[in-house]
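Listed here are the chains, written in short residue letters.
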Amino acid sequence: MTAQDYAPHGSVSEPSQQEPKSSLSVLIVGMHYSPEPTGNAPYTTKLAEGLSAMGHRVEVITGYPHYPHWRIADGYSGLSTKETVNGVTVRRFRHSVPSTPRTLNRLLMEVTFGLHAMLRRWGKHDVVLVVSPALFSAVFAVSKARIKGTPVGVWVQDLYSRGLSETGGSTTATWLMKTIESKVLGACTGVTVIHGRFRNYVVNELAVHASKVNVIRNWTHIHSEQQFDRDAVRGRLGWAPDETVALHAGNMGVKQGLENVVEAARLADAFDSHVRFVLLGEGNRREALQEAGRGVASLSFLKPLSDLEYSEALRAADVLIVNERPDLREMSVPSKLTSYFAAGRPVVAATHPESATADEIRASGAGITVDPERPSVLLRAVEKLALDPGQAETLGSAGPSYAEQALSAAVALDAYSRWLADLSGLPSGPS
């Protein structure tokens, strides 16, 4: 099968409501899971629960929730826990969590989780799905699956070797990471990636055989309620009716380069602009960004919100912001984009014009891209949309259409059911 067999594009067919032809026993191994609110966790959770709802038997091995706060969440103690959540058996194993993440202590975190996952009894499963990141814990999970003779697939959300080269890693470190990533993915029965650009890299640079690599897009995990009082939400969030709110939601880490947004807000102060930049979320750069933005009236911060509140905040904003370091091109596609498109607000992406993010903005028709190294250009782009409501409406309305056609959860879940069945050698799921 090709990627298109699993994930149709251009038109969306309704998912089958019948039971799978063959119910699979699926083990998902990934460090991140609900209640983590951002990153890979919402997707892994939705996939596990969606497969369970389709009639598959699903077990998850995961870590203790810690992201993006970089500390284990309240209420989780001991070395392991086991519970059943929405039909999914969830087994959690404790691992180290660095308060200030760096390369080595993040590696230690992944290794401790991987060792715990490998050393515990798995039972018998038809297929194992490993989520990357975390790549180094994937090494242990893939190895154990191969020893047990169980088909194993890796779901690639980020490219480690590409990320290292794009964030200034040494030539030696990049080569080593590329070698490890190539070996891990090549050892699997199959690989699925979230974007065509990722597939090109995995096949051409990591030398994984093209027949093994498929594309299944991420989907939006946020659903907008029909009833929505925009003015009330803005009032609750402290946003004035006459200001243009430019909202960046999600992780505040190094690769987001949010210092650019802080400087754009500083310029908004200097020029008496009506734009307010809002940074919503957590991350290891949040405190530094707050310190850098101290005294900037056009900048505000919000803690993570519930799914409903998050959806309302996106819809209540005037413009949604993506910001990436200028050297990032291939390493990731921001997961926030799926929710941005569904929210129906115009997107301004400060990113390299050749990045995967820029490709996604162009494909959706839901936004514009600007130079990620010029905060004045970011500010001006937001102001121009505020002055041209017609263009803002055109861009915003393109997002939900694109999300429905290319980023449907129903289509993605159907595709994963088929792909996992194909890996297992059992008959496919719903047709």
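Everything that follows concerns the structure shown earlier in this document.
Residues numbered from 1 in each chain as written. Predicted model: local features only at pLDDT ≥ 70, side-chain atom pairs only at ≥ 80, totals over all residues. Heavy atoms only, no water.

### A few points about empty space enclosed by the protein
Rule in force here: Using protein atoms alone on a 1 Å grid, points that fit a 1.4 Å probe yet trap it form a cavity, whereas open point sets bounded by protein on both sides within 12 Å along at least five of seven lines form a pocket; residues with an atom within 4 Å of a point count as lining. Grid points are joined across faces, edges and corners, and a volume is the space filled by probe spheres set on the points. Under the scheme used here, helices are H or I runs from DSSP no shorter than 4 residues and strands are E runs no shorter than 2 residues, and both carry numbers assigned from the N terminus. Under the scheme applied here, ten amino acids are nonpolar (Ala, Val, Leu, Ile, Met, Phe, Trp, Tyr, Cys and Pro), four are charged (Asp, Glu, Lys and Arg), and all others, including Gly, are polar.
Here the structure, examined in full by the defined rule, presents four cavities of 30 Å³ or more. Taken as a whole, the largest cavity encloses approximately 90 Å³ of empty space. Contributing to the lining of the largest cavity are I194, H195, R217, N218, V333, P334, S335, L337, T338, F341, E360 and L407. Of all the elements, helix α12 (residues 336–343) adds the most residues to the lining of the largest cavity, at three residues. Looking at the lining of the largest cavity residue by residue, the class counts come to six nonpolar, four polar and two charged.

### Some details on the pairing of strand β12 (residues 319–323)
In plain terms, the rule: Relative accessibility decides the category of a residue: with a 1.4 Å probe and only protein chains considered, values under 20% of the type maximum give buried, values over 50% give exposed, and everything between is partly exposed. In this analysis, strands are considered paired if DSSP registers two or more bridges between them.
In terms of burial, β12 is a largely internal element, five of the five residues being buried. Residues V319, I321 and N323 of β12 are buried on one face, and the alternating residues L320 and V322, pointing to the opposite face, are buried as well. Bridge analysis of strand β9 (residues 244–249) against β12 gives two bridges, and the strand direction is parallel. Bridge assignment links A246 to a residue of β12, and that residue is V319.

### Examining the sheet that holds strand β2 (residues 57–63)
Our working definition: Each axis is a line fitted through C-alpha atoms, taken for helices only over the stretch in contact, and angles between the N-to-C directions span 0 to 180 degrees. Any two residues whose heavy atoms approach within 4.5 Å at even a single point are treated as in contact.
Across the sheet, eight strands lie side by side as β3-β4-β2-β1-β5-β6-β7-β8; this open sheet has mixed pairing. The outermost strands of the open sheet, each flanked by one partner alone, are β3 (80–85) and β8 (213–215). Neighbour-to-neighbour, the strand axes of this sheet turn through a mean angle of 20°, independent of strand direction. Examined bridge by bridge, β2 and strand β4 (residues 88–93) share five bridges and lie parallel to one another. Its bridge partner being in β4, T62 is matched across the sheet by R92. Sheet contacts for helix α2 (residues 41–53): β1 (25–29), β2, β3, β4, β5 (127–132) and β6 (152–156); angle to β2, the most-contacted strand, approximately 160°. Where helix α3 (residues 103–119) meets the sheet, its contacts fall on β1, β2 and β4, and the angle it forms with β2 comes to roughly 140°.

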